[in-house]
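# A closer look at the structure
Given next are the chains, with one letter for each unit.
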Amino acid sequence: MTRPRSEHPVLIVDDEKNIRRALRMVLEGEGLEVSEAATIAEAEAALAGAPHDLVLLDVKLGEGNGIDLLERIKSAPGAERDIPVLMISGHATVDDAVRATRLGAFDFLEKPLDRERVIVSVRNALERRAMGREVATLRAAESGRHEMIGESPVMQELFRQVARIAPTKGRVLVTGESGTGKELIARAIHRTWLQSLGLAELGRRGGEGNVPFVKVNCAAIPPELIESELFGHERGAFTGAVGRKRGLFEIADGGTIFLDEIGDMSLPAQAKVLRVLQQGEIVRVGGEKVLTVDCRVIAATNKNLTEEVAAGRFREDLFFRLNVIPIRAPSLRERPEDIPLLAEAFVRLCCDENGFRPKRISPEVLSRLTRHPWPGNVRELRNVIERLVILADDEISARDLPPYLEAGGPHVRGSAGSPIPGVEAPSLVLDPRRYLSLTLREFRDQVEREFLRLKLEQNQWNVSRTAQELEIERTNLHKRLRALGIERE
Ligand SMILES: Nc1ncnc2c1ncn2[C@@H]1O[C@H](COP(=O)(O)OP(=O)(O)OP(=O)(O)O)[C@@H](O)[C@H]1O
Ligand SMILES: [Mg+2]
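If you're wondering where the values come from, they're calculated on a predicted model, not measured in any experiment.

What follows covers the pairing of strand β15 (residues 296-301). Of all six residues that make up β15, six are buried, and the element is covered over most of its length. Here β15 shows a buried face lined by Arg296, Ile298 and Ala300 and a second buried face lined by Val297, Ala299 and Thr301. Two strands pair when backbone bridges link them, and strand β12 (residues 256-260) and β15 are joined in this way by four bridges, in the parallel orientation. Across the sheet, the residue bridging to Phe258 is Ile298, located in β15.

In structure tokens form, the structure reads like this:
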């Protein structure tokens, strides 16, 4: 049998000195640290004074009743209520046992105590405790990942909006450029809504971890599969439908369904989604039974749905159904004051994830990051930071920045004459992902454009000297500049 382990002492609460002594011997024999209390008051003082991993609690405590103390522990506001409690009783009535179990006692031990039975129960309780701690850590890490960062007025307004609308079950349409955090907003609404539910309501739904948040990437599901993905199918509904499958709406029942990239959904699929939103009912493909589903719908898109409606690519009736509460995720350009905050948070996160010592980020880098227009918004910023963290030494300095940040960005003219970093600047193609959507021709042009612009800036736009350094004809360089659309600002 493995020995029980704990970080904090086990508290023994019993008014009989002999019992306390006997239990202490058993537990210390197992290598556990022990503290004692003879009365409810002493026990409460001990619990308030130091963290404990387990409580062994006698039911009859002189004047007091151990079950009352159990009740107080289990309804404590802080972490105290997660401490497992083993009840001990000399002449337990069934009522006591039932009440203690209802209140959340971990186990009920009867006197005379059997040594083995005590050890097994203590070990189980401590294991559960350790597991609970792990879950809490994971959950904290998880919520950290979904944490929205921002102190700018636009973000504060956004937080207020989320807090206001989350407790309602109203449908939300989140719009905004790519990488602005639309998914993060959807998750924050779901989380805030959960927090607004009473404990009883949460319990009815099986606890916080069991209320579903189902993300559907509407752009990624082929049109011919969307119906069976969303609504499920019965066995044999079509070739390949081997078994019965639950649809995403069904899985989201009682929680939230997040229809991401809704602007990319085909018109036939839109018609089907409209039907669910109108009737709150679904029928599995190949099935007959009508199932009612109750889930909150949050949709998101980086398209302008009003334009899509005007162009006949998006159903107007669906747009109105989805757009009950509109939320706009602001671009990073609208809140440059948040950039240092975000950058530093991403540095911390990335160092953590990679097991690096915390790295610093120089003020100059922060100021350059703040001036960049970030067409890819927070996602782009995060990618850039992750690369910097991996490449840089303990301090991320201006030298580590990719050239397009030095020069003010490939899409934006400006900052001519900024100091050019040493030739050892790592590579022009620092983030190949930036280029993945391009053809080879576009890629070459893009890289050549960035390179020539830098070269020209280095030479104060002296074309002859630049041509010389590049070892090409001056007329040739002029031709390339025209072809690539490079002009002096
Ligand atoms: N306010 C914010 N604070 C911290 N991180 C953020 C914030 N906004 C976005 N991010 C991060 O940026 C990345 C992109 O966010 P998200 O996926 O939510 O964007 P999106 O708007 O859904 O983008 P797309 O339209 O491309 O799907 C994620 O890694 C997310 O964690
Ligand atoms: Mg998204």
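This is not the end of the story, as more comes after the structure.
For ligand 1, the set of nearby residues contains 17 residues, the closest of which are Ile149, Gly181, Lys182, Glu183 and Val378. Taken together, the residues of the shell around ligand 1 sort by class into six nonpolar, seven polar and four charged. Three or more residues apiece are contributed to the shell around ligand 1 by two domains, here domain 2 (154-330) and domain 3 (333-410 + 430-437).

Moving on: helix α2 (residues 40-49). Within the sequence span of α2, burial applies to Ile40, Ala43 and Leu47. Buried residues in α2, looked at end-on, bunch into an arc of 60°, giving them a common side. Away from its buried face by more than 90 degrees, α2 exposes Ala41, Ala45, Ala48 and Gly49. Buried residues along α2 sit in contact with β1 (10-13), β2 (34-37), β4 (60-61), β5 (64-65) and α3 (66-74).

Moving on: unusual backbone geometry. Each neighbour pair has its own omega, and for Lys111 with Pro112 the value is 0°, a cis peptide bond. Among the secondary structure elements, Pro112 is positioned in the loop between β7 (107-110) and α5 (115-145). The phi angle at Trp374 is positive, at roughly 50°, despite the residue not being glycine. One can find Trp374 in the loop between α15 (363-371) and α16 (377-391).

Now for the nonpolar core. Counting residues in each nonpolar core, the largest one holds 37 residues, and the members touching the most others are Val174, Ile189, Phe249, Ile257, Leu259, Ile298 and Ala299. Sorting the residues of this core by element identifies β8 (172-175), α7 (182-196), α9 (223-231), α10 (248-251), β12, α11 (267-279), β15 and α13 (316-322) as the ones contributing at least two each. In terms of residue count, α7 provides more of this core than any other element does, five residues in total. If near-sequence neighbours (up to four positions away) are discounted, Ile257 is found in contact with Val214, Val216, Leu248, Phe249, Ala252, Cys295 and Val297. Listed in part, the 32 residues of the second largest apolar core include Ile12, Leu32, Leu69 and Met87.

The subject of this paragraph is the sheet that holds β7. Strand order in the open sheet made by the five strands is β2-β1-β3-β6-β7, with parallel pairing throughout. At either margin of the open sheet sits one strand with a lone partner, and together these are β2 and β7. Across the sheet, the mean angle separating the axes of adjacent strands is 20° when strand polarity is ignored. As defined by bridge partners, β1 adjoins β2 across four bridges and the pair is classed as parallel. Considered in β2, the bridge of Ile12 is made with Glu36. Taken strand by strand, helix α1 (residues 17-29) contacts β1, β2 and β3 (54-58), and its axis lies near 165° from that of β2.

Relative to each other, helix α14 (residues 339-354) and α15 sit at 120°, their axes nearing to 9 Å. When the axis of α14 is compared with that of α15, the two are oblique. Two packed elements cross with a definite hand, and for α14 against α15 that hand is right-handed. Residue-level inspection shows Ile339, Pro340 and Ala343 of α14 in contact with α15, the latter providing Leu366, Leu369 and Thr370.

Attention now moves to the environment of Ile390. Relative to the elements of secondary structure, Ile390 occurs in helix α16. The exposed category is assigned to Ile390, around which 12 C-beta atoms lie within 10 Å. It is 9.8 Å that separates the C-alpha atoms of Ile390 and Val347, two residues lying 43 residues apart in sequence.

Taken in spatial order, the five strands line up as β9-β12-β15-β8-β16 in an open sheet, and their pairing is parallel. Of all strands in the sheet, those bounded by a partner on one side alone are β9 (213-217) and β16 (325-328). Averaged over all adjacent pairs, the angle separating strand axes in this sheet is 20°, with direction ignored. Relative to β15, β8 runs parallel, the two being bridged by four bridges.

On to the environment of Gly66. When you line up the elements, Gly66 lands in helix α3. Looking at Gly66, the number of C-beta atoms within 10 Å reads 26, which means it is buried. With 26 residues separating them in the primary sequence, Gly66 and Ile40 have C-alpha atoms 7.4 Å apart. In contact with Gly66, other than residues within four places in its own chain, are Val13, Leu57, Asp58, Val59, Leu61 and Met87.

Turning next to the environment of Asn124. You can see Asn124 is positioned in helix α5. The exposure class assigned to Asn124 is partly exposed, which follows from the 15 C-beta atoms found within 10 Å. As for Asn124 and Pro4, which are separated by 120 residues in sequence, their C-alpha atoms are 8.1 Å apart.

Moving on to the packing of α14 against α16. At a minimum axis separation of 9 Å, α14 and α16 run at an interaxial angle of 50°. Comparing their axes, α16 and α14 come out oblique. Judged by the sense of rotation from one axis to the other, the crossing of α14 with α16 is right-handed. Mapping the contact onto sequence places Ile339, Leu342, Ala343, Phe346, Val347, Cys350 and Cys351 in α14 and Val378, Leu381, Arg382, Ile385, Glu386 and Val389 in α16. Residue composition of the contact of α14 with α16, grouped by class: eleven nonpolar, no polar and two charged.

Turning to the confidence of the model for the protein chain, a few remarks are in order. Per-residue confidence for the protein chain averages 85 on the pLDDT scale, and 89% of its residues sit at or above 70. Here residues 407-429 is modelled with pLDDT under 50, and outside its nearest four sequence neighbours on either side it reaches 36 contacts, counting other chains as well.

The rules behind these values
Residues numbered from 1 in each chain as written. Chains lettered and ligands numbered in written order. Predicted model: local features only at pLDDT ≥ 70, side-chain atom pairs only at ≥ 80, totals over all residues. Buried ≥ 20, exposed ≤ 12 C-beta atoms within 10 Å, placed from the backbone. Helix = DSSP H or I, 4+ residues; strand = E, 2+ residues; numbered from the N terminus. Pairing = 2+ DSSP bridges. Near = placed C-beta within 6 Å. Nonpolar A, V, L, I, M, F, W, Y, C, P; charged D, E, K, R; others polar. Domains from an automatic or database assignment. Arc of directions from axis to C-beta. Contact = placed C-beta atoms within 7 Å. Core = buried A, V, L, I, M, F, W, Y, C linked by C-beta atoms within 7 Å. Axes fitted to C-alpha atoms, helices over the stretch in contact; angles between N-to-C directions. Parallel < 35°, antiparallel > 145°, perpendicular 65-115°, else oblique. Left-handed = near helix turned anticlockwise from the far one by under 90°. pLDDT = per-residue confidence, 0-100.

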